[in-house]
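# Chain and residue survey
This is what each chain is made of:
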Amino acid sequence: MRHPKTAVSAIFGFGLAFATAFSVAPASATTTAAPTSADATSSYAAYNGSKAEAAANKAFFDAVLKSVAEKRAANPGVQAVTVVYNASAAPTFAGQIASSTSIWNSAVSNVKLQSGSNADFTYREGNDSRGSYASTDGHGSGYIFLDYAQNQRYNSTRVTAHETGHVLGLPDHYTGPCSELMSGGGPGTSCQNAQPNSAERARVNTLWANGLAAALAKLS
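Before going into details, it helps to say that this report is about the structure given with it. (Residues numbered from 1 in each chain as written. Predicted model: local features only at pLDDT ≥ 70, side-chain atom pairs only at ≥ 80, totals over all residues. Heavy atoms only, no water.)

Attention shifts here to the state of the cysteines. A covalent bond between the sulfur atoms of two cysteines is what we call a disulfide. Per the stated rule, a full pass over the model turns up 1 disulfide. A sulfur-sulfur separation of 2.0 Å characterises the disulfide bridge that pairs C178 with C191. Since a negative S-S torsion denotes a left-handed disulfide, the C178-C191 link at about 85 degrees is right-handed. On the criterion of sequence distance, the pair formed by C178 in the loop between α5 (156-167) and α6 (198-219) and C191 in the loop between α5 and α6 is long-range, its members being 13 residues apart. Judged by relative accessible area, C178 falls into the partly exposed class, the value being 27%. (Disulfide = S-S within 2.5 Å. Helix = DSSP H or I, 4+ residues; strand = E, 2+ residues; numbered from the N terminus. Buried < 20%, exposed > 50% of the residue type's maximum accessible area, 1.4 Å probe, protein only.)

Set out below in structure tokens:
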């Protein structure tokens, strides 16, 4: 989720954004405040829902998938498909991250999230006018940033579970109802749902069943 008056820079990188809703930032983004000019706001709005946004969302999933596949190929005897994360840089949100992990692990069967070393992605926290987002360099290094202010306005577990949904391959669907996790902040601050719906669960299972096989094939 980001503030509506922030810029989307380097939109050819990894980035998702929409006003007062959950989003993904460019790969080059740092945790400093973004410009707030009228032109920047216009560019920001144009990026929302664009092809570049969709491509950026897929980039994070592909990067995590590649990281998992490389570790799987190095240890072919391992059967479980596990995405490892490190949350040490987001201690304030330890509870929400644990809840998000539990939600997703209970919701899907073809992939599991697990805290550990040699992580496929990390969680970070801080202040950012763009709000919370997921980011990757496209080469297996990614993170989820959780913004303090935004998590005070919206259900924090929903924010965390939503951003984690990007890691698992789901795009934003801003116009969806509160029952749809990837609708993000679209339904407003009153929405308390942090659970993916049946379609979102099925999509993640399909992505990891087919996607991992394809990623492994590229490594062979």
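Below, the discussion takes up the packing of helix α3 (residues 94-107) against α5. Two elements in contact, α3 and α5, have axes separated by 9 Å at closest approach and are oriented at 55 degrees. Classified by the angle their axes make, α3 and α5 are oblique. The handedness of the crossing between α3 and α5 comes out as right-handed. Residues Q96, I97, S99, S100, I103 and W104 of α3 form the contact with α5, whose participating residues are S156, T157, T160, A161, T164 and G165. Its residues assigned to classes, the contact of α3 with α5 comprises 4 nonpolar, 8 polar and no charged. (Axes fitted to C-alpha atoms, helices over the stretch in contact; angles between N-to-C directions. Parallel < 35°, antiparallel > 145°, perpendicular 65-115°, else oblique. Left-handed = near helix turned anticlockwise from the far one by under 90°. Contact = heavy atoms within 4.5 Å. Nonpolar A, V, L, I, M, F, W, Y, C, P; charged D, E, K, R; others polar.)

By the secondary structure assignment, F61 is in helix α2 (residues 51-74). Classification of F61 as buried rests on a relative accessible area of 6%. Separated by 146 residues in sequence, F61 and L207 place their C-alpha atoms 9.5 Å apart. Once residues lying within four places of it in the same chain are set aside, the contact partners of F61 are H166, V167, L168, G169, L207 and W208.

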